[in-house]
Amino acid sequence: MSQIINQKTVEEIAGLARLGLTDQEVAEQVKSLNDALGNFASIQQVDTAHTPTSDDVTGLKNIVRPDHAAPSALCSMDELLAMAPATKQRQLKVPSVF
Amino acid sequence: MLTITETQEKLSKKEISAKDLVEESLSQIETWEPHLHAFLEVLEPSARQEAARQDANIAAEKAGPLAGIPIAIKDLICTTEGHTTAASKMLANFSSPYDAAVITRLKKAGAIIIGKANLDEFAMGSSNEFSAVSPVANPWNLDRVAGGSSGGPAAAASSGEVPVSLGTDTGGSIRQPASFCGIVGLKPTYGRVSRFGVIAYASSFDQVGPVARTVQDAASILQVIAGHDPRDATSSATRVPDYLSYCGQNIKGLKIGLPRELFNENIPAPIKEAVMVAVKELEKMGARTREISLPLALASIPTYYLLVKAEASSNLARFDGLRYATLDVDTKDLIDHYLKARGKGFGPEVKRSILMGTYTLSAGYFDAWYKQASKVRTKIRQEFHDAFLDVDIIASPTAPETAFPLGAKADDPLAMYLSDSLTDPPSVAGLPAMSVPCGFDAGLPIGLQLITPHFKEELIFQVGHAFEQATPWHTKTPSLPNSNKPSQ
């Protein structure tokens, strides 16, 4: 079976998905993804030329609610800050972005 | 092992207390857990406290519909007690600050959360071998898998550790383990039960459902958890019927469709035979059966996997080793942190899912894969809709196999995906479907799958209960090897 996805593509996708993979993991995923996608490629034989996508699965439309704060439905800030590994001045402390 | 209905009778006659029920559950857990690993966390102190509260409610005649009933919760559903880990290193030390909607409803009904049940990591898997903690064994044969991803809930209910569990089902994750463990498992209609507080795998497929030893017990749980929730924009306002009232109604004249594609040559003969014997029982009670065709049924497998992995890749983007729970990684900046934390925190099946989903959503590949799958889903939904113009209910085997040996498919992801071949079709169409035990092959349970149109769970209960009353399968219970009691 010809390869649908190669090592370079897996590495690129892993980068996009922020997934750190070892060389061994890349090799394993190349194989398993090719096995799966090779099997799933049969879907491309189904004639969908005149078929809409199924983006809407519930038939529900325009689900809205009033935009008001509901403090009783929220966790307190103290509860949430208590869950953070590091805080400073009641803010979450994370590694630098730049 | 008592059913919920039997338990409620004994509670009302004061023959048993909530405390007794919790102690019995904890005792069964102590006996079975070294063999099964169905639980990630047993919430002994809070369960005992809640039992005392429920006994007080029962004495004051303020008991809810599930007062005193111990329940295991798949560890994908947020509870304020204990942790919610999704059986992943990524969330190993996460404690939810709020209860999921289904938990709030169960608590209000008086149910007692005994513990958080094991699962395939982030609900991705069909054997419970992808749990980052441990696999789950099948109570009927400890060398076999319990099924997945709700292997923990299924094993806990099947063994008697609890009378009932709550699982989730995306492509078969309640039904297939229920089939493997010889019990009842229901995936409700998409939108029937709120997903608020449920860690998302695939947002247009996921549903929470009961895993129980009888159809009536499954109906009791759905009665409590079903209904509209304003916090879940996909939850339906469709009226919730009195499900229990349908248990006991006759099935004369009901038309049952048997799709030839779901009885194909890849299904082992003993499974097809057991299901056909089950169908004959339904005919004896007045139902009429006919063969139908769902030509795209088996196209559900690629349709399902392409869509759910795409949705999963998006849903799991939030897990960065910073939010929810921290992972200890040595990093130089934020991107490096993401790469290392997600590399360390996720297991191989989760990584494969994210990679597949990211690939099929990316520019240049989107049309051929994701968009095509989305269109085929429309066609599959239409096929089921057309079939239900001629029949009331569709029956098939639940799984193309009985419980396979631990390790048999762990290194073969495609083989694992194909375990879902019979449960994927109703999932793709958003239809309710339930597995009920209908026999054994070489000591391993076989499941019968019943599928109805959207929001017709009452019909599934009607047929499932009628089948149960005419057959012995729901009375069979596993025993540990070398125990005094043989499996029966």
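Residues numbered from 1 in each chain as written. Chains lettered and ligands numbered in written order. Predicted model: local features only at pLDDT ≥ 70, side-chain atom pairs only at ≥ 80, totals over all residues. Heavy atoms only, no water.

(A) View of the overall build of chain A. The helix and strand tally for chain A stands at three helices and two strands. Secondary structure elements in chain A, listed N-terminal to C-terminal, are α-α-α-β-β. Against the 2.2 N^0.38 benchmark of 13 Å for 98 residues, chain A shows a C-alpha radius of gyration of 23 Å, more extended than a compact globule. Each principal axis of the C-alpha distribution contributes one length, and for chain A these read about 55 × 45 × 20 Å. Within the span of chain A, comprising 98 residues, buried residues form 27% of the whole. (Helix = DSSP H or I, 4+ residues; strand = E, 2+ residues; numbered from the N terminus. Rg over C-alpha atoms; globule rule 2.2 N^0.38 Å. Buried < 20%, exposed > 50% of the residue type's maximum accessible area, 1.4 Å probe, protein only.)

(B) Looking closely at the interface of chain B and chain A. Listed as interface residues are 51 residues of chain B and, on the opposing side, 45 residues of chain A. Interface area for chain B against chain A, summed over the two sides, is near 4300 Å², with a carbon-plus-sulfur share of 72%. Of all residues in chain B, L355(B), Y359(B) and W369(B) give up the largest surface area on contact with chain A, accounting jointly for 15% of the area buried on that side. The tally of links from chain B across to chain A stands at one salt bridge. Of the charged contacts in the structure, one is a salt bridge between E25(A) and K351(B), with a shortest N-O distance of 2.6 Å. Here chain B and chain A share 15 residue pairs in polar contact (both at pLDDT 80 or more) between them. If you list the elements that add at least two residues to the side of chain B that touches chain A, you get α9 (300-315), α10 (334-345), α11 (348-361), α12 (367-387) and α13 (413-418) of chain B. Ranked by residue count, the leading element in the side of chain B that touches chain A is α12(B), at twelve residues. Class assignment for the residues of the side of chain B that touches chain A results in 29 nonpolar, 13 polar and nine charged. (Contact = heavy atoms within 4.5 Å. Buried area = accessible area lost by both parts, 1.4 Å probe. Salt bridge = Lys/Arg side-chain N within 4 Å of Asp/Glu carboxyl O. Polar contact = N/O pair within 3.5 Å; in protein donor to acceptor, adjacent residues only side chain to side chain. Nonpolar A, V, L, I, M, F, W, Y, C, P; charged D, E, K, R; others polar.)

The analysis is restricted to geometry; functional conclusions fall outside its scope.
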